[in-house]
Amino acid sequence: MNAAVRFIVRSAEAMGIKVKGVMRGYNGLIENHFVDLDIRSVSDIIQRGGTALYTARCPKFKTEEGINEAIKNCKESGIEGLIVIGGDGSFRGARDLSLHGIPCVGIPATIDNDISSTDYTIGFDTAMNTVVELVDKLRDTACSHDRCSVVEVMGHGAGDLALQCGLAVGATSVIVPEKTYDPEAVITKIRETQKRGRNHFIIVVSEGLCDVRELAKQIEESTCIESRATILGHIQRGGSPTLRDRVVASKMGYAAVELLKNGIGNRVIALKNCEIVNYDIFEALNMPKTFDEETYLLANMILS
Ligand code: F6P
C-alpha cells in the first residue's frame, strides 16, 4: 500500500495536483485528519510493510451522519477527488461518497485476493511469499520428525492464499472454503501417500474451515503419524513488499491519478489478464468471484 501512496503522490505532483493523505481510513475523513503529502514525505516508504497513513475500521462511516460529516470535511478541505485503497468494504464507502458528489477511485489491496473485479490485489504476493518461507521452515521439522504439519493460512472466506501456497510448498492436501470440507478425504490422501513411502506431510488449510488442532488430532489418531497444527496468523500481513506488489501498486496508483485528473470517478482499478483496467464501482461490486479450479486440481491431485 505504501508503494501505491508513493506513486499516487509523485505522479499527481508531476501533473500539478496537490495531495492530502487521509489518516486511519474513513476515520480521517470524519475527524478531519488530513496530512499534506509531497514528493519528500513519501520518500523511503516503498520498502515498508503496513501503511504509513495507518488504517482502521470505521463503523460510523456506514451511517448517514458519518458520511455527511465526511463529505462536509472533504468539501471544506478542498478535496475534489479521493483514492481509496482497500477491499470491497472500502469500495462500498467509495461508491457512497461518489454518489454524494466526491469522485472516488478504488485500488484493490488485501492479502486475501478476494475482490471479484480484479485478478490481483496489492499485498497478495508478499503474503504468499511469507507463507511459503514459513511453511518451508515447518517442513524441516515435519521431515526430520516424520510428522504431519497442518498449517492454517488467512483468506477471509477465499481460498486463493491457501491454494497458491499449497501448490508452491508441495502440500499433500489443500483445504479451501470453496469446496466441501472433508477430513476423511485428507486422511485417505495421507494414507495413500504414506503407502508410496512418504513419511512427512504438509496440509494447508484456509482459515475458518475447521479447528486445525482438531484436524491434526484426527489425522494422528487415524494414521498414527505424529501431527502438529500451526496457525500462521498476522505474520502473513507484515514485512517488506515483494517486487510484484511494489510494481503493481505503483501502476495502479498511477492509473487512479489519471482517472481523477480527467474528472472520472466512481471507478475501481483492476488487474485483468496482466493489464491495468478500470470498472464502474457498482459493476465491480456485483461481479461474481471466480474460483481457480485448475490450480485446485493441480494442488490436490499430484502424487507425492
Ligand atoms: O482481510 C485480511 C485479513 O488478514 C484476513 O485474511 C483475516 O481474516 C482478517 O484480515 C483478520 O482481521 P483482524 O486483523 O481484524 O483480525
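Just so it is clear, the structure is predicted and the values come from calculations on it, not from any experiment.

Student: Would you mind showing me how to read the pattern of salt bridges here?
Tutor: Taken as a whole, this structure holds eleven salt bridges when the rule is applied. With a shortest N-O distance of 4.0 Å, R48 and D44 are connected by a salt bridge. When its relative accessible area of 52% is taken as the criterion, D44 is described as exposed. A salt bridge links D119 to K272, with the nearest nitrogen and oxygen atoms 3.2 Å apart. Placement of the pair is D119 in the loop between β4 (104-108) and α5 (124-144) and K272 in strand β9 (residues 267-272), with a sequence separation of 153 residues.

Student: How do you make sense of the sheet that holds strand β6 (residues 173-175) when you look at a structure like this?
Tutor: Two pairing modes exist for strands in a sheet, parallel and antiparallel, and in both the strands are linked by backbone hydrogen bonds. Spatially, four strands are ordered β6-β7-β5-β8 in an open sheet, and the strand pairing comes out parallel. One side of each edge strand has no neighbouring strand; the edge strands of this open sheet are β6 and β8 (227-231). Along the sheet, successive strands turn relative to each other by an average axial angle of 15 degrees, direction set aside. Examined bridge by bridge, strand β5 (residues 148-153) and strand β7 (residues 201-206) share six bridges and lie parallel to one another. Bridging from a neighbouring strand, C148 pairs with F201 of β7. Here α5 sits on the sheet in contact with β5, β7 and β8, set at roughly 160 degrees to β5.

Student: Got a minute to help me understand the site of the ligand in this structure?
Tutor: Close to the ligand lie R57, T110, I111, D112, M154, G155, H156, E207, H234 and R237. Here R57 contributes a side-chain N or O atom positioned 3.4 Å from an oxygen atom of the ligand. One of the side-chain N or O atoms of D112 is found 2.6 Å from an oxygen atom in the ligand. Against a free-state accessible area of 400 Å², the protein chains account for coverage of 70% of the ligand. For the shell around the ligand, a count of residues per class yields two nonpolar, four polar and four charged. Two domains each provide a minimum of three residues to the shell around the ligand, namely domain 1 (2-123 + 241-285) and domain 2 (128-237).

Student: In this structure, what is going on with the domain arrangement of the protein chain? I would like to understand it.
Tutor: In many analyses, interface size is given as the accessible surface area lost on bringing the parts together. By the assigned domains, the protein chain splits into domain 1 (2-123 + 241-285) and domain 2 (128-237). Taking only C-alpha atoms into account, the centre of domain 1 sits 35 Å from that of domain 2. In this assembly, five residues from domain 1 lie in contact with nine residues from domain 2. Here domain 1 packs against domain 2, burying approximately 610 Å² in sum over the two surfaces, 55% of which is carbon and sulfur.

Criteria and thresholds
Residues numbered from 1 in each chain as written. Predicted model: local features only at pLDDT ≥ 70, side-chain atom pairs only at ≥ 80, totals over all residues. Heavy atoms only, no water. Salt bridge = Lys/Arg side-chain N within 4 Å of Asp/Glu carboxyl O. Buried < 20%, exposed > 50% of the residue type's maximum accessible area, 1.4 Å probe, protein only. Helix = DSSP H or I, 4+ residues; strand = E, 2+ residues; numbered from the N terminus. Pairing = 2+ DSSP bridges. Axes fitted to C-alpha atoms, helices over the stretch in contact; angles between N-to-C directions. Contact = heavy atoms within 4.5 Å. Near = heavy atom within 4 Å. Polar contact = N/O pair within 3.5 Å; in protein donor to acceptor, adjacent residues only side chain to side chain. Areas by Shrake-Rupley, 256 points an atom, 1.4 Å probe, with all protein chains shown as cover. Nonpolar A, V, L, I, M, F, W, Y, C, P; charged D, E, K, R; others polar. Domains from an automatic or database assignment. Buried area = accessible area lost by both parts, 1.4 Å probe.

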